[in-house]
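The chain contents come next:
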Amino acid sequence: MILTVTLNAALDVTYETPQVSWDGVNRVAAVHRRAGGKGVNVARVLAALGQDVLVTGLAGGPTGRAVERDLDSAGLAHALVPVAGETRTTLVVAEPAAHTLFNEPGPTVGEDEFADFLRTYEALLREARAVVLSGSLPRGLPATTYATLAAFARDRGVPAIVDADGEPLRHAPDGRPAIIKPNAEELARAVPQGSPEEGAEALRDRGAGAVIVSLGASGALAVTADGTFRARMPYAVDGNPTGAGDALVAGLALGLVAPGPWPELLRRAAALGAAAVAAPVAGAFDPGVYEAVHPLIEIV
């Protein structure tokens, strides 16, 4: 089983519209509402790939219950720990050529609530082959949380992937995760000086086993113990980039439970990221785009 952790779960709402007038009335062509948060998106992709996956994290209030109902409807196993605060909602306004994301901050989590989560997390790790720690942290949790959870998993023989931003990303190497996955902007914030390759090397030097940097339409960079590799995309895929990084993380998680050469693992992960752009909502990917782009990705 692959365990995904979403401490700041969300109900994702996507409005599709032909054009936005920010000073006027807008007509919405289609609305999508479903459970979200980066770990949930990763779990959806893994489930679509036939993997045994379980979602854990924190959920509270009516929105939290809506998240749980949607996970049930999707057939995604979950063990969300209840909190008193209200789970957040995120809103994507999607035009054909532009997408705008609004993220609520989420609940404030108390020490006792996080202690309850840690007990659940420890029990779930006994059955896990890999764990994905991703997304923002709710208020009340320290920036060292992902480092703590990665070290907790490592001590129990479970490799971890961390996909985070800001201070949680800067602290993540201290937990010695198997993989850290920032995008280029997140990496630049964490390591302000130098190129993406130098920034990734800096995170590896501090404890990460490998650092994979998603570069959007330009592909991905992998700095690993076996060398440095770049995935070059054959063309840009049009669509909604929200969730593309989560699909890439799903591909990396597959590599933790079914290891192989880094060039092939990176090619699969980059192809999943591209295929996710062609899907209308985060947590989905277009199999046809995946099959088309996968063999054309160049690894150098």
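So, here is what we can say about the structure in this document. Computed from a predicted structure; not experimentally measured.

## Some remarks on the overall build of the protein chain
The number of helices and strands found in the protein chain is 10 helices and 14 strands. Since a compact globule built from 300 residues should have a radius of gyration of about 19 Å, the 18 Å found for the protein chain is in line with a globular shape. Projecting the C-alpha coordinates of the protein chain onto the three principal axes gives extents of approximately 50 × 45 × 40 Å. A burial count over the protein chain gives 52% of its 300 residues as buried. Sequence separation of at least 24 residues holds for 66% of the intrachain contacts in the protein chain that already meet a minimum separation of 6. Looking at the protein chain as shown, the accessible area adds up to about 12700 Å², and 51% of this sits on carbon and sulfur atoms. When the 24 positive and 34 negative side-chain charges of the protein chain are each reduced to one mean point, those points stand 2 Å apart.

## Regarding unusual backbone geometry
For Arg176, which is not glycine, the phi torsion reads 55° and is therefore positive. As for its position among the elements, Arg176 is in the loop between helix H5 (166-171) and strand E10 (179-180).

## Looking at the layout of surface pockets
Size it by volume and the second largest pocket reaches roughly 210 Å³. Along the wall of the second largest pocket there are 14 residues; nearest its centre are Ala178, Ile179, Ala210, Leu256 and Trp262. Among the elements that line the lining of the second largest pocket, the one with the most residues is helix H8 (residues 244-257), at 3 residues. Across the lining of the second largest pocket, the residue classes tally to 9 nonpolar, 4 polar and 1 charged.

## Brief notes about the sheet that holds strand E13 (residues 227-232)
Reading across from one edge, E5-E4-E1-E8-E9-E10-E11-E12-E13-E14 is the order of the 10 strands in this open sheet, with mixed pairing throughout. A single partner strand is all that each edge strand has here, and the edge strands are strand E5 (77-82) and strand E14 (298-299). In the sheet, strand E12 (residues 220-224) pairs with E13 via 5 bridges, with the strands oriented antiparallel. Bridge pairing in E13 links Ala220 to Ala231. On the sheet, H8 packs against strand E1 (2-6), strand E8 (130-134), strand E9 (160-163), E10, strand E11 (210-214) and E12 and is oriented at approximately 165° with respect to E9. Running over the sheet, helix H9 (residues 262-277) touches E10, E11, E12, E13 and E14 and is turned about 35° from E13.

## Let's talk about the environment of Phe152
Along the polypeptide, Phe152 turns up in helix H4 (residues 145-155). Since its relative accessible area comes to 22%, Phe152 is described here as partly exposed. The sequence separation of Phe152 and Val67 amounts to 85 residues, and the corresponding C-alpha distance is 27 Å. Setting aside residues up to four positions removed in sequence, Phe152 forms contacts with Tyr121, Glu122 and Leu125.

## With respect to the packing of aromatic side chains
The way to describe two aromatic rings as a pair is by their centre distance and the angle between their planes. Under the defined criterion, the tally for this structure stands at 4 aromatic pairs. Aromatic pair Phe114 and Phe117: ring centres 5.8 Å apart, planes at 25°, arrangement stacked. Linking Phe114 with Phe117, this pair stays in helix H3 (residues 111-125), spanning 3 residues, or about one helical turn. Residue classification places Phe114 among the buried positions, given a relative accessible area of 13%. You can call Phe117 buried: its relative accessible area is 0%.

## Some remarks on the sheet that holds strand E7 (residues 99-103)
A sheet is described by the order of its strands in space; here 4 strands give the open sequence E3-E2-E6-E7, paired in mixed fashion. The sheet is open, and its two borders are formed by strand E3 (30-36) and E7, each paired with just one other strand. Each strand of the sheet is rotated relative to its neighbour by a mean of 15°, with strand direction disregarded. As defined by bridge partners, strand E6 (residues 88-94) adjoins E7 across 5 bridges and the pair is classed as antiparallel.

## Some words on the pairing of E12
Of all the 5 residues making up E12, 5 are buried; the element is thus mostly covered by neighbouring parts of the structure. Alternating residues of E12 divide into Ala220, Ala222 and Thr224 and Leu221 and Val223, and every residue in both groups is buried. As paired strands, E11 and E12 are joined by 4 bridges and run antiparallel to one another. Among the inter-strand pairings, Val211 is bridged to a residue of E12, identified as Val223. In sequence, E11 turns back onto E12 through a hairpin of 5 residues, with Gly216 there showing a positive phi of about 65°. Hairpin connection from E12 to E13: 2 residues lie between these consecutive antiparallel strands.

Analysis parameters
Residues numbered from 1 in each chain as written. Predicted model: local features only at pLDDT ≥ 70, side-chain atom pairs only at ≥ 80, totals over all residues. Heavy atoms only, no water. Helix = DSSP H or I, 4+ residues; strand = E, 2+ residues; numbered from the N terminus. Rg over C-alpha atoms; globule rule 2.2 N^0.38 Å. Buried < 20%, exposed > 50% of the residue type's maximum accessible area, 1.4 Å probe, protein only. Contact = heavy atoms within 4.5 Å. Areas by Shrake-Rupley, 256 points an atom, 1.4 Å probe, with all protein chains shown as cover. Lys, Arg positive; Asp, Glu negative; His and termini not counted. Charge placed at Lys NZ, Arg CZ, Asp CG, Glu CD. 1 Å grid on protein atoms, 1.4 Å probe; cavity = no way out; pocket = protein on both sides within 12 Å on 5 of 7 lines; lining within 4 Å. Points joined across faces, edges and corners; volume = space filled by probe spheres on them. Nonpolar A, V, L, I, M, F, W, Y, C, P; charged D, E, K, R; others polar. Pairing = 2+ DSSP bridges. Axes fitted to C-alpha atoms, helices over the stretch in contact; angles between N-to-C directions. Phe/Tyr/Trp six-rings, centres within 6.5 Å; stacked < 30°, edge-to-face > 60°.

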